[in-house]
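Overview (structure and organization)
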Amino acid sequence: MLSNRTVARGACFADYDNDGKVDAYLVNLGDQGTLLRNVTTDAGHWIAIKLVGTKSNRDGIGARVEVFSAGKRQTAERVAGSGYLSQNDSRLHFGLDRQPP
């Protein structure tokens, strides 16, 4: 729970502890940043995909990934930048169904 008042200028999102739950980091003005860990009890199934190119586009910028799970389609695109004074995780994170079909 976030109980301290602050002036934040940026926020980024990533699975900081690789537990399948996306965490947040706030960039505070004139102060230390704040890590907000997602501590929900059950993340269910998930997959994080790190794109790796072989030539000039080593980070896979512009690539689009589609994941199909439990009859649903999720799409994510790898972008170069994601925010002011911050940068989201470069991995594409997808939540999946709790029980495989």
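Preceding this section is the structure that the text describes.
These lines cover the structure that appears in this document, whether it is placed above or below. These numbers were taken from a predicted model, which means no experiment stands behind them.

Criteria and cut-off values
- Residues numbered from 1 in each chain as written.
- Predicted model: local features only at pLDDT ≥ 70, side-chain atom pairs only at ≥ 80, totals over all residues.
- Heavy atoms only, no water.
- Helix = DSSP H or I, 4+ residues; strand = E, 2+ residues; numbered from the N terminus.
- Buried < 20%, exposed > 50% of the residue type's maximum accessible area, 1.4 Å probe, protein only.
- Contact = heavy atoms within 4.5 Å.
- Areas by Shrake-Rupley, 256 points an atom, 1.4 Å probe, with all protein chains shown as cover.
- Polar contact = N/O pair within 3.5 Å; in protein donor to acceptor, adjacent residues only side chain to side chain.
- Salt bridge = Lys/Arg side-chain N within 4 Å of Asp/Glu carboxyl O.
- Core = buried A, V, L, I, M, F, W, Y, C linked by side-chain atoms within 4.5 Å.
- Pairing = 2+ DSSP bridges.

Tallying secondary structure elements over the protein chain gives zero helices and seven strands in all. Walking the protein chain from its N terminus toward its C terminus, one meets helices and strands in the order β-β-β-β-β-β-β. Among the 101 residues that make up the protein chain, the fraction classed as buried is 19%. Considering only contacts in the protein chain between residues 6 or more positions apart, those separated by 24 or more positions represent 40%. Of the roughly 7,500 Å² of accessible surface on the protein chain, a fraction of 51% belongs to carbon and sulfur atoms.

Here we take up unusual backbone geometry. In the Ramachandran plot, Asn18 falls in the positive-phi region, its phi being about 50° despite a non-glycine side chain. Mapped onto the elements, Asn18 comes out in the loop between strand 1 (8–14) and strand 2 (23–28). With a phi close to 55°, Ala70 is a non-glycine residue in the positive phi region. Mapped onto the elements of the fold, Ala70 is located in the loop between strand 5 (64–69) and strand 6 (72–77). The class of Ala70 is partly exposed, set by a relative accessible area of 40%.

Another point: the environment of Gln74. Mapping Gln74 onto the fold places it in strand 6. Considered as a pair, Gln74 and Leu96 are 22 residues apart in the sequence and their alpha carbons are 9.4 Å apart. Once residues lying within four places of it in the same chain are set aside, the contact partners of Gln74 are Val65, Glu66, Val67, Phe94 and Gly95. Within the local environment of Gln74, its side chain forms a polar contact with the backbone oxygen of Gly95, the two atoms lying 2.6 Å apart.

Turning to the pattern of salt bridges, a few remarks are in order. What the rule picks out here adds up to five salt bridges. Among the salt bridges present, the one from Arg37 reaches Asp17, with a minimum N-O distance of 2.9 Å. Residue Arg37 is located in the loop between strand 3 (34–36) and strand 4 (46–49), and its partner Asp17 is located in the loop between strand 1 and strand 2; the two are separated by 20 residues in the primary sequence. A residue is classified by how much of its surface remains accessible, and Arg37, at 48% relative accessible area, is partly exposed. Residue Glu77 pairs with Arg64 through a salt bridge whose shortest N-O separation is 3.2 Å. Within this pair, whereas Glu77 is found in strand 6, its partner Arg64 is found in strand 5, the two being separated by 13 residues in sequence.

A few words now on the nonpolar core. Counting residues in each nonpolar core, the largest one holds five residues, listed as Leu51, Val65, Val67, Leu92 and Phe94. Elements represented by at least two residues in this core include exactly strand 5 and strand 7 (92–95). The residues touching Val65, leaving out its near neighbours within four places in the chain, are Ile49, Leu51, Gln74, Thr75, Ala76, Leu92 and Phe94.

Looking now at the pairing of strand 6. As judged from the six bridges shared by strand 5 and strand 6, these two strands associate in the antiparallel manner. Of the residues in strand 6, the one forming a bridge with Val67 is Gln74. In this structure, the hairpin formed by strand 5 and strand 6 is closed by a connection of two residues, where Ala70 is found at a positive phi of approximately 55°.

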